[in-house]
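# Architecture at a glance
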Amino acid sequence: MLRGGRRGGDESVMLARTNFISGLVMLAVTAIFYVASLEIEEDPFGVGMEPYVFPIAVCYVLGALSLLQLATSARGAFRQGARGNDTREIRLFLFWVLPMAAIAFAYLGLINLFQYLLPTAITLSATLAVFGNRGLKWLVVIPAIASLVYYVIFFGIFRLLEPTGILLEYDNFYIFGAMRKFIGI
């Protein structure tokens with residue numbers, strides 16, 4: 001509750017903890033993107049700024065801002081006595097944030113193995129299950145239909161290129177070539 005323009009003790013501690021957890025997540029994501037940006041190749045014929053310079057600079061700025069957020073939230077939490085027994089944020093983190101992060105990383109890994117269609121259906125089903133949806137309709141039918149519609153629109157009509165899977169490899173040109181020709185794309 002706000003009193004005299006300032007937050008109450010419990011609210012400021014909760015805000016500091018939330019900001020600290022957000023800072024950790026932002027720092028982890030920034031580290032992942034930084035490692036990925038190091039793999040951008042240098043253009044041998046490039047003039048001026050190389051392709052990898054801007055992403056690395058953005059990662060430096062995001063890293064600095066994340067560290068600043070971590071420092072200010074940690075200082076605020078310890079100043080307000082954040083060593084309380086409130087485990088609400090930890091439970092939210094363990095039961096909602098971590099499963100969703102695991103689903104996101106599983107999606108990326110499954111795309112490398114099976115291309116896009118099957119991983120989209122699997123991870124959509126897992127996401128629906130995390131949010132409490134149960135039954136054949138919610139865990140099988142809706143993910144299958146939604147994934148198929150997604151695949152037809154983006155990879156069939158818009159002709160996005162997808163990397164080949166390690167375990168399952170198929171070319172969507174043969175699947176959607178006649179449809180593209182019929183539509184005139």
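Everything below is about the structure printed above this text.
Reading the values: rules and limits
- Residues numbered from 1 in each chain as written.
- Predicted model: local features only at pLDDT ≥ 70, side-chain atom pairs only at ≥ 80, totals over all residues.
- Heavy atoms only, no water.
- Helix = DSSP H or I, 4+ residues; strand = E, 2+ residues; numbered from the N terminus.
- Buried < 20%, exposed > 50% of the residue type's maximum accessible area, 1.4 Å probe, protein only.
- Areas by Shrake-Rupley, 256 points an atom, 1.4 Å probe, with all protein chains shown as cover.
- Core = buried A, V, L, I, M, F, W, Y, C linked by side-chain atoms within 4.5 Å.
- Contact = heavy atoms within 4.5 Å.
- Expected span 1.5 Å × (residues − 1).
- Arc of directions from axis to C-beta.

On to the overall build of the protein, then. The secondary structure content of the protein amounts to six helices and two strands. Starting at the N terminus and walking to the C terminus, you meet the elements of the protein as β-β-α-α-α-α-α-α. Residues counted as buried form 23% of the 185 residues belonging to the protein. Of the roughly 13,000 Å² that the protein leaves accessible, carbon and sulfur atoms contribute 71%.

With that settled, consider the nonpolar core. Nonpolar side chains in soluble globular proteins tend to end up buried together. Grouped together as the largest cluster of nonpolar side chains are five residues: I111, Y116, Y151, F155 and F176. If we skip the residues at most four places from it in the chain, Y151 touches Y116, L117, G156, E162, Y170, N172 and F176.

Before going further, it helps to examine helix α6 (residues 172-183). Along its twelve residues, α6 runs 16 Å from first to last C-alpha, staying within 8% of the 16 Å computed at 1.5 Å per residue. Considered for burial, the residues of α6 that qualify are N172, F176, G177 and R180. In a view along the axis of α6, the buried residues occupy a sector of 145°, so they form one face of it. Residues Y174, A178, K181 and F182 are exposed on α6 and point more than 90 degrees away from its buried face. Packed against the buried residues of α6 are α5 (136-157). One or two positions beyond α6, positive phi appears at G184, with a value near 95°.

So yeah, pure geometry; function would need other evidence.
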